[in-house]
Amino acid sequence: MSQTPDRPNVDHALARLDTVLTRLEASVAHRLEAEREPGDLETELAIMAEDRARLAAELDAASARLATVEATTSDVGHRLGRAIEAVEGVLARPRAAR
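What comes next is a walk through the structure. (Residues numbered from 1 in each chain as written. Predicted model: local features only at pLDDT ≥ 70, side-chain atom pairs only at ≥ 80, totals over all residues. Heavy atoms only, no water.)

The subject of this paragraph is the overall build of the protein chain. If you tally the helices and strands in the protein chain, you get one helix and zero strands. Expressed as a percentage of its 98 residues, the buried residues of the protein chain come to 0%. Accessible surface, the protein chain: about 9,000 Å² in total, of which carbon and sulfur atoms supply 60%. (Helix = DSSP H or I, 4+ residues; strand = E, 2+ residues; numbered from the N terminus. Buried < 20%, exposed > 50% of the residue type's maximum accessible area, 1.4 Å probe, protein only. Areas by Shrake-Rupley, 256 points an atom, 1.4 Å probe, with all protein chains shown as cover.)

Turning our eyes to something else, we now look at a nonpolar patch on the surface. A cluster of nonpolar side chains, namely Val 10, Leu 14, Leu 17, Leu 21, Leu 24, Val 28 and Leu 32, defines an oily patch on the protein surface of about 600 Å² accessible area. Within the element layout of this structure, Leu 24 appears in helix α1 (residues 7-92). (Patch = residues over 30% accessible without salt bridge, like charges linked within 9 Å, V, L, I, M, F, W, Y side chains within 5 Å. Salt bridge = Lys/Arg side-chain N within 4 Å of Asp/Glu carboxyl O.)

Here the structure, examined in full by the defined rule, presents three salt bridges. A salt bridge links Asp 51 to Arg 54, with the nearest nitrogen and oxygen atoms 3.7 Å apart. One end of the pair, Asp 51, and the other, Arg 54, are both in helix α1, three residues apart, so they sit about a helical turn from each other. Residue Asp 51 is classed as partly exposed on the basis of its relative accessible area, which comes to 32%. A salt bridge links Asp 75 to Arg 79; its shortest N-O distance comes to 3.4 Å.

So this is what it looks like as structure tokens:
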């Protein structure tokens with residue numbers, strides 16, 4: 001195939017057009033992603049806020065359970081102490097008094 005004098009100009013123009021179209025496609029993709037991001041960020045922030053609220057509620061419930069366990073432990077400790085004292089008192093009595 002013989003090349004005409006205009007062929008290099010056409011090839012060059014096509015290469016430039018291809019480069020420009022590639023850059024345009026990248027710009028459009030970037031723009032679409034940038035427009036999508038605020039919604040994505042808002043959605044992610046909403047999810048994080050829900051998670052935070054759920055975790056705060058779970059922490060409050062766990063704190064309440066801990067307070068109950070601590071109170072129960074303290075009560076059991078006092079009762080156990082009294083039981084030990086009673087057993088020691090019985091063991092300390094002379095055998096005849098038992």
